[in-house]
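Take a look at the letters that make up each chain.
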Amino acid sequence: MDTSISRNVKISKYFGLKFNKNINYQISPDSLIQCTLLKKQGELSDTGALVVKTGKFTGRSPKDKFIVKDALTKNTVDWNEYNQEINEDCFDKLHQRMLLSLKTKELWIRDAIAIADESQSIRIRVVNDTPWSNLFVHNMFLRPTDEQLEGFEPDWQIIQIISFTGVPELEGIRSENFCIINFSKKIILIGGSGYTGEIKKSIFTVLNFLLPFERNILSMHCSANVGRDGDTALFFGLSGTGKTTLSTDLDRQLIGDDEHGWSDDKIFNFEGGCYAKCINLDKTKEPQIYSAIRKGSLVENVNFQKNSKIIDFESSEITENTRVSYPIDFVPNVIIPSIGGIPKNIFFLTCDAYGVLPPISKLSPDQALYQFLSGYTAKIAGTETGITIPVSTFSTCFGAPFLPLNPVRYAELLEKKILESKANVWLINTGWTGGGLGVGERISLRDTRAIINSILSNKLDDVEWKNHEVFDLSVPKSCPGVSSDILDPKFTWVDEDNYMIQARGLAQKFTENFKKFESLTKFK
């Protein structure tokens, strides 16, 4: 086994540096926490969790994400508002300037792995200029064994330097902060932002290119769990719709909370940890996430209760997008390795800000494809820079900001998987009922859990169903543990005529949004 000194020499040479005594390679979580505390970059909560502030950025900055346009990506990437191009020369200039900056910084470097299925995994080397960012990397990616670290050669490298800022007029970027992916050189550059989610989502974007394009595997923005009978369930949805909360279930084993692949015979997690929102976290409603906030976890952008080290989960003073990252085995009932079988049930989670969609609908295969390509939800406050209240949006495949290929590629793969597996597909509204934002109420977590549990336990097999008059969705007339009054949202509104006006308005938004996919023959 290499000594720590010889490894530091090796890592220094990898980045073209002379031996740098300020390189901290693969150090333990305890050491990273101690470094953070000594540098006064964080504090410990009463449970031992490390609490940090990520600075100016408390969410992703999609307008500052770029992909290098070159021979590989020119005709493969779907260039759009999320996949913005930058030329090779600009990337090279920025890359070289970042490498030069490493010579004068104390660095924390970690080798990690993405994808739990060893036959598909990729090796990653990450450079950070803060110890707490490196703790995030330890928590979120798969942690190599000593044997795997022996002779570790990365497939991809990420350089995330919070203290480094770009020069827009010279380097082809929009602001001083940036996230740039070079698919040909397999390098990701992140500068000027301390928000750790940029690290996580940049690798997700890479896998959303690599798996469908090169390996014919469906990559998905979803959580997954498995029941005692081995039945796998998938939960698609954007941040804030309930992926982490609903997949974390005391009666089912967690496969993963956010990013997965679907190959011919299995579902596999991309990650080795969970990244949960913790605004208004409730010990009773979300006990597993609550108990995971302990020594080794990293909590971002929260305040403490007055005169204490108790986290104030209700405070949104810094951001609504308060977060905690922790290794997946901090959750008691997880499946290791994070792999499951072909899914029996697929849930599309949407947060309807208009309050007109039913809390549960069963979808035909064609409807599933339509809803997947539509990806209707509301962006939740704080998840992206500038979002302070829920904003209705259509995010293709429930993850448009992270899809480098044309969305139809992911939809075609999903359609194939659904037909082959004969999985049931459901649309679950975790948003409002009885009126839109500011008028109605958010559908309770208790009701949503009861709906999910009824589906997973086959309790809806014998109930009566009806078609929704506006959305043509199949809606149950009853559901165990849920008041029948909320199953048809029309009856939760004071004014049914107003409900119909709002529902038709949302249906028209669906129609207008879907015009971009009119070339699909099945929808003509």
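For the structure itself, look to the data block above.
Rules used throughout
Residues numbered from 1 in each chain as written. Predicted model: local features only at pLDDT ≥ 70, side-chain atom pairs only at ≥ 80, totals over all residues. Heavy atoms only, no water. Axes fitted to C-alpha atoms, helices over the stretch in contact; angles between N-to-C directions. Helix = DSSP H or I, 4+ residues; strand = E, 2+ residues; numbered from the N terminus. Parallel < 35°, antiparallel > 145°, perpendicular 65-115°, else oblique. Left-handed = near helix turned anticlockwise from the far one by under 90°. Contact = heavy atoms within 4.5 Å. Buried < 20%, exposed > 50% of the residue type's maximum accessible area, 1.4 Å probe, protein only. Polar contact = N/O pair within 3.5 Å; in protein donor to acceptor, adjacent residues only side chain to side chain. Pairing = 2+ DSSP bridges. Expected span 1.5 Å × (residues − 1).

Quick word on the packing of helix 10 (residues 365–374) against helix 11 (residues 407–421)
Phase 1: Remark: helix 10 packs on helix 11, axes separated minimally by 10 Å, with the N-to-C direction vectors making an angle of 150°. The angle between helix 10 and helix 11 falls in the class roughly antiparallel. The interaxial crossing formed by helix 10 with helix 11 has right-handed handedness. Contacts between helix 10 and helix 11 involve P365, D366, A368, L369, F372 and L373 from the first element and P407, V408, Y410, A411, L414, E415, I418 and L419 from the second.

Looking at the environment of T205
Phase 1: Here T205 lies in helix 7 (residues 197–215).
Phase 2: On the basis of relative accessibility, which here comes to 1%, the residue T205 falls in the buried class.
Phase 3: Between the alpha carbons of T205 and D488 there is a distance of 37 Å; along the sequence they are 283 residues apart.
Phase 4: Here the side chain of T205 touches K201 through a polar contact of 2.9 Å, landing on its backbone oxygen.

Structural notes on the side chain of S315
Phase 1: Checked against the element boundaries, S315 lands in the loop between strand 19 (311–312) and strand 20 (323–327).
Phase 2: What makes S315 buried here is its relative accessible area of 15%.
Phase 3: Polar contacts involving the side chain of S315 include one to the side chain of N303, which spans 3.5 Å.
Phase 4: A distance of 3.3 Å separates the side chain of S315 from the backbone nitrogen of E317, its partner in a polar contact.
Phase 5: Ignoring anything within four residues of it in the chain, the contact list for S315 reads I279, N303 and T322.

Here we look at the pairing of strand 26 (residues 424–429)
Phase 1: For strand 26, the tally of buried residues reaches five of six residues, placing the bulk of the element in the interior.
Phase 2: Where strand 22 (residues 343–350) meets strand 26, six bridges bridge the pair, whose relative direction is parallel. Bridging from a neighbouring strand, L349 pairs with I428 of strand 26.
Phase 3: Sheet analysis places strand 23 (residues 360–363) next to strand 26, joined by four bridges and oriented antiparallel. For I360, the partnering residue across the bridge sits in strand 26 and is I428.

Looking at helix 11
Phase 1: Given a rise of 1.5 Å per residue, 15 residues ought to cover 21 Å, and the 21 Å separating the end C-alpha atoms of helix 11 matches this to within 8%.
Phase 2: Taken together, the buried positions of helix 11 are occupied by P407, V408, Y410, A411, L413, L414, K417 and I418.
Phase 3: On the buried face of helix 11, the contacting elements are helix 7, strand 11 (218–226), strand 14 (259–262), strand 22, helix 10 and strand 26.
Phase 4: N-cap assignment for helix 11: the residue whose side-chain oxygen lies 2.9 Å from the backbone N of V408 is N406.
Phase 5: After helix 11 finishes, the residue K422 shows a positive phi value of roughly 55°.

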